[in-house]
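Here is what each chain is made of, one letter per residue.
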Amino acid sequence: MQTTESLESLRATVRDWRQSGLRVGFVPTMGNLHEGHLALVSDALKHSDRVVVSIFVNPMQFGPSEDLESYPRTLAEDQTKLEAAGAHLLFNPSVDTVYPDGEVACSAVLVPESLTDILCGASRPGHFRGVATVVAKLFNMVQADCAVFGEKDLQQLRVIERMTRDLDFPIRIIGSPTLRESDGLARSSRNAYLTDAERRRAPALFAELEQLAGQLAQDRSQREQAVNRAAKSLEDKGFKVDYLEVRDRENLGPAADGPLVVLAAAWLGRARLIDNVPVPA
Ligand code: PAF
């Protein structure tokens, strides 16, 4: 696997691949890779002949009091994992390469507020502006045929799908199912922030969402009571619930008659955990 920080070298390699008729897949990440990321690489390999992975801790998507400085940077370990997973090229640009004039002065991509200012966007103002902008830039840098995003970050996936459609990016977006630990906890880089005691309690988030989704599949009429009960049960277990909501699965709009999903974000100690579970039809 080749690693490059250089945009010119990335473009030259991808151009050669495309001229040889090879299909290129792309997996954008912020590094500190775990099995969940490697599953995205494996999905990308199913849809393409060559896979580019980017590692870039994007300052534009972090709020002023968030963990930008302390976000784990583990390049050597990440390279070993990506090599073993079969990725072909790691693009690891500097902040100067991505934001030559600084991220504050950079043009930005605004996806409609109805999608970006709800759920995670309500407590992380500007987060999805940062995500959409960096992903748009990375799409233009890499020029891949498809890109894979995890369904754990369902709102992020929907924001990227919407941006891709609205701005006519010639790239196919593929959602990849959430990879879980054996006790149900969704894999996430931020699980590393959990203490041993918190780690033992953390699977309750998924368990509560699964139970709620099952209940709603039986009876949607008591939705509000069921959501309040699930949120209270999490608080009783030591979580600080940021949101727990039932929404339309496709556009994350208010729940109506179509397919639904339950989504939550909750703090457990220093870790902000997010997860979602589709309501069975
Ligand atoms: O999901 C992530 O790791 C990031 O939000 C992404 C998509 C790489 C953009 O920085």
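See the structure above.
Residues numbered from 1 in each chain as written. Predicted model: local features only at pLDDT ≥ 70, side-chain atom pairs only at ≥ 80, totals over all residues. Heavy atoms only, no water.

Undergrad: Sorry, what's going on with unusual backbone geometry here?
TA: Excluding glycine, a negative phi dihedral is what most residues carry, and trans is how most peptide bonds are arranged. A positive phi angle is found at glutamine 143, which is not glycine, with a value near 60°. Here glutamine 143 is to be found in the loop between α7 (127–142) and β5 (146–150). The backbone phi angle of aspartate 168 is positive, close to 55°, even though this residue is not glycine. Mapped onto the elements, aspartate 168 comes out in the loop between α8 (154–166) and β6 (172–176). In this structure aspartate 168 comes out as exposed when scored by relative accessible area, which is 63%. (Helix = DSSP H or I, 4+ residues; strand = E, 2+ residues; numbered from the N terminus. Buried < 20%, exposed > 50% of the residue type's maximum accessible area, 1.4 Å probe, protein only.)

Undergrad: Teacher, can you tell me more about the site of the ligand here?
TA: Near the ligand the following residues occur: Pro28, Thr29, Met30, Asn58, Gln61, Val134, Phe149 and Gln156. In the model, an oxygen atom of the ligand is placed 2.6 Å from a nitrogen or oxygen of the glutamine 61 side chain. Within the side chain of glutamine 156, one N or O atom sits 2.7 Å away from an oxygen atom of the ligand. Within the complex, the protein chains bury 88% of what would otherwise be the 290 Å² of accessible surface of the ligand. A breakdown of the residues in the shell around the ligand according to their chemical character gives four nonpolar, four polar and no charged. (Near = heavy atom within 4 Å. Polar contact = N/O pair within 3.5 Å; in protein donor to acceptor, adjacent residues only side chain to side chain. Areas by Shrake-Rupley, 256 points an atom, 1.4 Å probe, with all protein chains shown as cover. Nonpolar A, V, L, I, M, F, W, Y, C, P; charged D, E, K, R; others polar.)

Undergrad: How should the sheet that holds strand β8 (residues 260–268) be read in this particular structure?
TA: Hydrogen bonds between backbone groups are what pair the strands of a sheet, and the pairing can be parallel or antiparallel. One open sheet accounts for three strands, arranged β7-β8-β9; its pairing is antiparallel. Lying at the two open borders of the sheet, with one neighbouring strand each, are β7 (240–248) and β9 (271–278). Strand-to-strand twist of the sheet, defined as the mean angle between neighbouring strand axes without regard to direction, takes the value 10°. Direction of pairing for β8 relative to β9: antiparallel, over a ladder of eight bridges. Paired with valine 262 across the strands is valine 277, a residue of β9. (Pairing = 2+ DSSP bridges. Axes fitted to C-alpha atoms, helices over the stretch in contact; angles between N-to-C directions.)

Undergrad: Help me out: how do you make sense of the nonpolar core in this one?
TA: Counting 47 residues, the largest nonpolar core has Leu10, Val52, Phe139 and Met163 as the members making the most contacts within it. Taken together, the elements giving at least two residues each to this core come down to α1 (7–19), β2 (24–29), β4 (89–91), α7, β5, α8 and β8. The biggest single contributor to this core is α7, with 10 residues. Setting aside its immediate chain neighbours within four residues, methionine 163 contacts Val109, Val111, Ala132, Val135, Ala136, Phe139, Asp168 and Phe169. Core analysis: the second largest hydrophobic core is formed by 35 residues, Phe62, Leu194, Leu212 and Phe239 among them. (Core = buried A, V, L, I, M, F, W, Y, C linked by side-chain atoms within 4.5 Å. Contact = heavy atoms within 4.5 Å.)

Undergrad: Would you mind showing me how to read the pairing of β6 here?
TA: Two faces, one strand: in a regular strand the side chains alternate between the faces of the sheet. With five bridges joining them, β5 and β6 adopt parallel strand pairing. Following the sheet pairing, cysteine 146 is matched in β6 by arginine 172. Since β5 and β6 lie parallel, the crossover through α8 that links them has a hand, and here it is right-handed. (Right-handed = clockwise from strand over helix to strand, strands pointing away.)

Undergrad: What's the story with the pairing of β5 in this structure? I'm lost.
TA: Taking burial as the measure, the five residues of β5 include four buried ones, the bulk of the element. Direction of pairing for β2 relative to β5: parallel, over a ladder of two bridges. In the strand pairing of β5, glycine 25 is matched with cysteine 146.

Undergrad: Whenever I open this one, the packing of helix α2 (residues 35–47) against helix α3 (residues 75–85) confuses me. Can you help?
TA: Remark: α2 packs on α3, axes separated minimally by 10 Å, with the N-to-C direction vectors making an angle of 35°. In this structure, α2 meets α3 at a crossing whose hand is right-handed. In contact with Leu38, Val41 and Leu45 of α2, α3 contributes Lys81, Leu82 and Ala85. For the contact of α2 with α3, the residue count by class is five nonpolar, no polar and one charged. (Left-handed = near helix turned anticlockwise from the far one by under 90°.)

Undergrad: Could you clarify how one ought to interpret the pattern of salt bridges in this entry?
TA: If charged atoms from side chains of opposite charge come close, those side chains can pair. The final tally for this structure, using the stated rule, is 18 salt bridges. Salt-bridge contacts for arginine 199 lead to aspartate 183; the nearest nitrogen and oxygen are separated by 3.0 Å. On the criterion of sequence distance, the pair formed by arginine 199 in helix α9 (residues 196–201) and aspartate 183 in the loop between β6 and α9 is long-range, its members being 16 residues apart. A relative accessible area of 24% means that arginine 199 is categorised as partly exposed. (Salt bridge = Lys/Arg side-chain N within 4 Å of Asp/Glu carboxyl O.)

Undergrad: Whenever I open this one, the sheet that holds β6 confuses me. Can you help?
TA: In spatial order, the strands read β1-β4-β3-β2-β5-β6; together these six strands make up an open sheet with parallel pairing. The outermost strands of the open sheet, each flanked by one partner alone, are β1 (2–4) and β6. On average, each strand axis in the sheet is inclined to that of its neighbour by 25°, with strand direction left out of account. As paired elements, strand β3 (residues 50–55) and β4 share three bridges and run parallel to each other. From the neighbouring strand, valine 53 faces β4, where its bridge partner is leucine 90. Across the sheet, α2 touches β2, β3, β5 and β6, and the angle it forms with β5 is around 150°. On top of the sheet, α8 reaches β5 and β6; it is set at about 170° to β6, its chief contact.

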